Each structure stands twice: as C-alpha cells, then as structure tokens.
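# An overview of the molecular structure
Here are the chains, one letter per residue:
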Amino acid sequence: MPTTLIGSIVTPGGIIEGTLEIANGKIERVSEGYASDAIYDYRGKYLLPGLIETHGHLREPGLEHKEDIPHGSRAAVAGGFTTIFDMPNTRPPTTTVARVREQIERYTGRCYTDFAINMGTSLQDMDELREIDPRLITSFKLFAAGHATTPTTIPRLGDIARIFEIAGQREIMMLVHAENQELLDYFTAHYRDTLGRHDPAAWTEARNTAVALASVLEMIALARQFGVKLYLLHLSTPEEFAAVAFGRSIGVEVYGETTTVHLAFNSDDYERLGNLINIAPALRSPTDQQSLWLLLREGKIDTVVTDHAPHTLEEKQKASVWDVASGLPGFQEALPALITNWVRQFGVETLEEGLMRIAQVTSTNLARISGFTQKGSLAADKDADIVVVDAHQSWQVRKEDLFTKNRWSAFEGMELRGKPVATFLRGKLVYADGAIMGEARGEWLARPEKERATKQYE
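Notes on the structure in this doc start here.

### Examining the side chain of Lys66
Relative to the elements of secondary structure, Lys66 occurs in the loop between strand S5 (51-56) and helix H1 (69-78). Among the polar contacts listed, one links the side chain of Lys66 to the side chain of Glu315, at a separation of 2.6 Å. Non-local contacts of Lys66, meaning those with residues more than four positions away in its chain, are made with Arg59, Pro310, His311, Glu315, Lys405 and Asn406.

Written as structure tokens, this is what we have:
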C-alpha cells in the first residue's frame, strides 16, 4: 500500500491542494484533492521538494571539532535538506582519487541525507584530475582565491587554465570560488596595513565588487575557451549575475548561485553581529542585497544554498577581522530565512509565488544542473524527497534546538517565519517536530553518465 501525504504541494507548474502517493522511495502519483485515507495529513502546510546543498562543509576529515557528518547531516534534515554535496577543503583536502573513495566510505552509514562528492583541485595533484572516474564526483572544485580554510588556492590564471582544459576534455563541471587573489592581496594590504583597519566592515571593503567581478569574468573566459560547464559559487553582487548573463550570450554554459547568508544579512549588520556573519565572498551593501532579491524574484539567480560552514565561536570572535574564520552554520535556518525575507521584501500576498521560486532555486535547478534528475521536484517517478513547511508559523531560533555540532547561530534570538515540521528522504520520515527519526540512511549518488545533456536556463 502506498504511503500518502496530503497538503499544499509546491510543483513547478503551481501549488496543488492534493495528495502525494509514494511507493518504493518514489513518487507514484500527484493528484488534486485530499485522499481520505492519507497516512500523513499536512493540510494547511506546504510540501516542497527536499533541498539540495552544494556546499556541504561537514569538516571531515581533520576538522571534526567544528562539525562532523552525523551532526551536520542531522542539522540538514531538520532544515529540510535531503541531499548534500561534500566540499573538499578538509585536512587533507579531497584532491586525489584515493581520498574521494575514502570520503564516500566516510559518509556511508553516517549521513542522514543522500550525498555526493565535490573533488578538490590542487597543483600537486593535477594528474589525479585525469585519473578520477567521473561517476565518483559531481565536479571539480577550484578556489581562485583563499581565506583561512582554503588549503589549495590556485591564484594564477595559467594554472587555472590547465585545470579548465582537463575539465573540458573530461566533460566535468567546474565549481569555482571566484575572487581575484592578486586584487584581494592589494586591497587587503591597503585596508589592513595602510589604513590600519581591523573592524568587521573592512572585510567587505577589501573583498569588494572588483575582486569578485574580475574573477567571474576570467572564469567565464576560460570556460568559453575550453568548453567547460561552469558553476559559479556564492555570487554576491548584481554585477556578477550580469556577467553570468553575458557568459550565456557568448555561448558559455554558466550558472550563478547565491547564498541564504547574503540574502539575509548585509554590511549594515556588522554593527549588530560583528564577525559572526563574516563570510567569503563578503556581505554587500543594503542596495546590492536588494538587487539580489529582485534578481531572485525575476528568475535571474539559478540557485540558492546555505554554504553551511561551521566554525567554533572562538574562531569567530577574534579581535581582528583578518584573523577570523570565514563562514557560519545555517542548515536549519536557511529555508525559514528565505521565506521570512521574501515576505519582508515582497509582501505576504506573494507567499506562494515565493515558495515556488524557493523550491526552484533550492532544489529543482540544483538537481537539473548537477544531473541528478531523480531529485528536485514533486512529480511522478522522482525520489520522494519532501520537506513539509508551516509557512504561517513563526518561531524563535534557539541554540538548544540546533543539531550542528557547535550549536550557535547568527540567527539566534530572531523570529523567523516558516518552520520545517517534517522531512522525508526517499519516502521515509527522517525528521518530525524537532526530532530525528531513525538512523542514518543517506545513500551515495553516482554522477549520471548523461549529466552534460541538461543545458537549459530557467
């Protein structure tokens, strides 16, 4: 007998007051109207496809004092995430074939979401990029500029070109942290050494639009040269998204992502929250943030992720901004922060429009771009990955309710709208009303062989 859920089902074509029927981990049918014998009754709540995270900084191996796979993935399912792509800036970094295989083993049996592996790039491990079985990874991840937690920065364009050439030959997507290291060094020296600035806002001044835009344009040029599918991580300015549109106009398959952090906080918030909200790329002005929201509403931002990057409070509370660890946890706060700020920006009457856009950029587009087309939408034959959201419920973020290992949040004490009340992974209830249900049952996702046949812009 199929498992049945009823509620307001968020689909790409609209929101249906209806029934989801699930069998063998898949959605069998989506139908209008409520089944009278539904096992799960979510009337008055919204059913969205499970969220996908490209930035799974779960800190194993080597940095388990910040986070680990069980804690991080429990936080993820509590926030409605059902798939995580592991990030390679670990110790040692995931830059070899052997380490990729070890990472798959490390996640297996310990992760509460499904998972896939982003392979890192480094100059000393260049040959490994030629040897890796493409089915084992989602992409090559490259840091064009660094900060405290990036052990494999590759700043020289000539070296980056060599990696792009391999990616083009092997038809493997490039994920790029695009900031120009030479410009970053110049501006950092100016603000830190010449002006003696150590305050949180100096981070935004040094990691400015020029630093980001120059690198984005460089990566687009290399992607065009070598025929590379390019995914630009955590873009933070309207100029970068204009560059993405330009890249597409010259034939590059390029996608642009932003984060829930950049949508929730801006540079004015340093006065209140200080280095807790330090992130790279940096937070932008309220004007730039407003532009991001408008681009999101217009469908000109492809994806939104958390960039979940936990550090200890000690690492976040250094006296000088130049000594602070960049990044912050955010799995459980992400979806409510998006709903809350959408309503603030555009009004409660646009809530359902917002939920449809949020489902698209946090799940549907990510599944399509990565090639994991069994994920990403509530439709027949898709994996039954579902997050149930009470979009009318307000709740206060409290550290005691968090599953992340360090149990702190930049959102602590804030009232957010839209609480995830249940999460299903391939049809199994894995989170409900504040509690994790059962043991870790996440599965590894192999890269589909036809992954490149997905080009389209929505």
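That was the structure; now back to the text.
### Examining the packing of helix H13 (residues 331-346) against helix H14 (residues 351-370)
Orientation of H13 relative to H14, taken along the N-to-C sense of each, is 140°, at an axis distance of 10 Å. The orientation of H13 relative to H14 falls into the category oblique. In the crossing of H13 with H14, the sense of the turn from one axis to the other is right-handed. Taken together, the residues of H14 that come into contact with H13 (itself represented by Leu335, Leu338, Ile339, Trp342 and Val343) are Leu351, Glu353, Gly354, Leu355, Arg357, Ile358 and Thr362.

### A few points about the packing of aromatic side chains
How two aromatic rings sit relative to each other is set out by the distance from centre to centre and by the angle between their planes. Scanning all chains against the criterion turns up 12 aromatic pairs. Note on Tyr40 and Phe424: the rings are 5.0 Å apart at their centroids and 80° apart in plane angle, and the pair reads as edge-to-face. On the criterion of sequence distance, the pair formed by Tyr40 in strand S4 (residues 40-49) and Phe424 in strand S14 (residues 415-425) is long-range, its members being 384 residues apart. Ring geometry for Tyr186 against Phe187: centres 5.0 Å apart, planes inclined by 70°, an arrangement best described as edge-to-face. By way of ring pairs, the aromatic residues Tyr40, Tyr42 and Phe424 are connected into one cluster. The residue whose ring lies beneath Arg297 is Phe346, and the NZ or CZ to ring-centre distance is 4.6 Å. Geometry around Trp395 places Lys419 over its ring, the cationic atom sitting 4.0 Å from the centre.

Cut-off values and rules
Think of each chain on its own: its residues are numbered from 1, step by step along the sequence as written. It should be noted that, the model being predicted, local features are given only for residues of pLDDT at least 70 and side-chain atom pairs only at 80 or more, the latter also being counted only at that level, while totals for whole chains, interfaces and linings use all residues. With hydrogens and water excluded, all non-hydrogen atoms of the structure serve as input to the side-chain values. We count a stretch as a helix when DSSP gives it H or I for four or more residues in a row; a strand needs E for two or more, and each element gets its number in order from the N terminus. We call two N or O atoms a polar contact when they sit within 3.5 Å, provided that within protein one can donate a hydrogen and the other can accept it, with sequence-adjacent residues counted only if both atoms are side-chain atoms. The contact criterion used is simple: two residues touch if any of their non-hydrogen atoms lie within 4.5 Å. Think of each axis as a best-fit line through the C-alpha atoms, taken over the contacting stretch in the case of a helix, with angles from 0 to 180 degrees between the N-to-C directions. Note that the term roughly parallel is reserved for angles under 35 degrees, roughly antiparallel for angles over 145, roughly perpendicular for angles of 65 to 115, and oblique for everything else. By definition, any crossing whose near helix is turned counterclockwise from its far helix by less than a right angle is left-handed, and any crossing with a clockwise turn is right-handed. Think of it this way: a Phe, Tyr or Trp ring, Trp meaning its six-membered ring, pairs with another when their centres are within 6.5 Å, and the plane angle makes it stacked under 30 degrees, edge-to-face over 60, tilted otherwise. Distance and angle both matter: a charge sits over a ring if NZ of Lys or CZ of Arg is within 6 Å of the ring centre and within 35 degrees of the ring normal.

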